[in-house]
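The residues making up each chain are set out below.
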Amino acid sequence: MRMFIIAVVVAVMTGCASNVVTDYNSATVFGNFTSWAYAPGQQDSGFTSLDDSRVRSAIERELNRKAMKQVADAEADLLVSWQIVPEERLEQVGVGLGFGFGRGNFGWGVSAPPPVREITEGKLVVELADRRNSEVVWRAASRRYLNENQSPETRRKLIDEVVSEMFSKYPPGLN
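A short tour of the structure in this document, coming up. Counting restarts for each chain: residues are numbered from 1 in the order of the written sequence. Thresholds applied to this predicted model are a pLDDT of at least 70 for local features of residues and 80 or more for the giving and counting of side-chain atom pairs; totals over whole chains, interfaces and linings are not thresholded and use all residues. As a rule here, side-chain values cover all heavy atoms of the structure and leave hydrogens and water aside.

**What about the nonpolar core?**
Thought 1: Take the buried Ala, Val, Leu, Ile, Met, Phe, Trp, Tyr and Cys residues and link them wherever side-chain atoms come within 4.5 Å; each set so joined is a nonpolar core. Each residue is assigned to one of three classes by its accessible area relative to the maximum for its type, calculated with a 1.4 Å probe on protein chains only: buried under 20%, partly exposed between the two thresholds, exposed over 50%. Formed by 27 residues in total, the largest nonpolar core has its most connected members in Ile-59, Trp-138, Met-166, Phe-167 and Tyr-170.
Thought 2: Each helix corresponds to a stretch of at least 4 residues labelled H or I by DSSP, and each strand to a stretch of at least 2 residues labelled E; elements are numbered beginning at the N terminus. Looking at this core, the elements that each hand over two or more residues are strand S2 (35-38), helix H3 (50-65), strand S4 (78-92), strand S7 (116-130), strand S8 (135-146) and helix H4 (152-167).
Thought 3: By definition, residues are in contact when any of their heavy atoms lie within 4.5 Å. Other than its neighbours up to four places away in sequence, Ile-59 contacts Val-80, Trp-82, Val-126, Val-163 and Phe-167.
Thought 4: By size, the runner-up hydrophobic cluster in this structure holds five residues, among which are Ala-39, Val-71, Ala-76 and Leu-79.

**Digging into empty space enclosed by the protein**
Over the atoms rolls a probe the size of a water molecule, and its path tells where empty space is left.
Thought 1: We place a 1 Å grid over just the protein atoms. Points where a 1.4 Å probe fits but has no way out form a cavity, open points with protein on both sides within 12 Å along at least 5 of 7 lines form a pocket, and any residue with an atom within 4 Å of a point lines it. Grid points are joined across faces, edges and corners, and a volume is the space filled by probe spheres set on the points. Taken as a whole, this structure holds one cavity of 30 Å³ or more when the rule is applied.
Thought 2: When its volume is computed, the largest cavity comes out at roughly 50 Å³.
Thought 3: As for the largest cavity, its lining consists of Gly-122, Leu-124, Ser-142, Arg-144, Leu-146, Leu-158, Ile-159 and Val-162.
Thought 4: Amino acids outside the nonpolar list (Ala, Val, Leu, Ile, Met, Phe, Trp, Tyr, Cys, Pro) and the charged list (Asp, Glu, Lys, Arg) are all regarded as polar, and Gly is one of them. Of the residues belonging to the lining of the largest cavity, the class tally is five nonpolar, two polar and one charged.

**Let's talk about H4**
Thought 1: Spanning 16 residues, H4 covers 23 Å between terminal C-alpha atoms, matching the ideal 22 Å at 1.5 Å per step.
Thought 2: By the burial criterion, the buried members of H4 are Arg-155, Leu-158, Ile-159, Asp-160, Val-162, Val-163, Met-166 and Phe-167. One less than the number of residues in a helix, times 1.5 Å, gives the span that helix is expected to have.

**Focus: H3**
Thought 1: Between its first and last C-alpha, H3 extends 23 Å over 16 residues, near the 22 Å set by a 1.5 Å rise per residue.
Thought 2: Phi turns positive, to about 60°, at Ala-67, one or two residues after H3.

**Some words on the sheet that holds S7**
Thought 1: Judged by pairing direction, the sheet is mixed, and its six strands sit side by side in the order S1-S8-S7-S4-S2-S3 without closing on themselves. Of all the strands in the sheet, just strand S1 (20-24) and strand S3 (69-70) have a single pairing partner and so form its edges.
Thought 2: Think of it this way: DSSP has to see at least two bridges between two strands before they count as a pair. Inspection of the sheet shows S2 paired to S3 by two bridges, in the parallel sense. Of the residues in S3, the one forming a bridge with Ser-35 is Lys-69.
Thought 3: Only the stretch in contact is used when a helix axis is fitted, and all axes are lines through C-alpha atoms; the angle between N-to-C directions ranges over 0 to 180 degrees. Contacts from H4 reach S1, S7 and S8, with the element oriented near 140° to S8.

**So, unusual backbone geometry**
Thought 1: Residues Tyr-170 and Pro-171 are joined by a peptide bond in cis, for which omega reads -10°.
Thought 2: Secondary-structure assignment places Pro-171 in the segment after H4.
Thought 3: Not every positive phi belongs to a glycine, and Ala-67 is a case in point at roughly 60°.
Thought 4: Note that Ala-67 resides in the loop between H3 and S3.
Thought 5: With a phi angle near 60°, Ser-134 is a residue other than glycine that sits in the positive phi range.
Thought 6: Structurally, Ser-134 is set in the loop between S7 and S8.

**Some points on the pattern of salt bridges**
Thought 1: The term salt bridge refers to a side-chain nitrogen of Lys or Arg lying within 4 Å of a carboxyl oxygen of Asp or Glu. Under the criterion given, the structure shown has eleven salt bridges.
Thought 2: Taking the shortest distance from any N to any O, the salt bridge between Arg-144 and Glu-161 comes out at 2.9 Å. On the criterion of sequence distance, the pair formed by Arg-144 in strand S8 and Glu-161 in helix H4 is long-range, its members being 17 residues apart.
Thought 3: Given the relative accessible area of 28%, Arg-144 is considered partly exposed.
Thought 4: Of the residues examined, Glu-161 reaches a relative accessible area of 43% and is grouped as partly exposed.
Thought 5: Residues joined in a network through salt bridges with shared partners are Arg-61, Glu-62, Arg-65, Glu-153, Arg-156 and Asp-160.

In structure tokens:
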């Protein structure tokens, strides 16, 4: 029974952990921002990747929910940019092996750790900058990652969930 209660508490605490981290300029009056546009370099980079298209759709949906109007970049209050930042991590695969022998209070043992492989994943980062001075006023970064093994539908759902959670924390102070 005790282990069951501990497992439930751990599951609840894990469920409450945020999947995004936000930061913002506390001197900014976010109520003054009513319009937005993509940052000039963001939209003119040639081909649009599949993930960029998914992120763009999710950002547009969330900013529309905030009743912010998309306008030309010269007229916008905020400039929106995003990037998928590659991150490397190590993952253990398989099991470690070991053997040992001993007698009484003395013994010897040898073990080998499980094999490790390097995985590249992408972390989504969204930034909003004040167009007048080109300073970032709000930033959100995902703690959930995109990787090459995910299906297109899984990637779309993940991007939608992450962007939705990011913008649930915008504007700051109203949550």
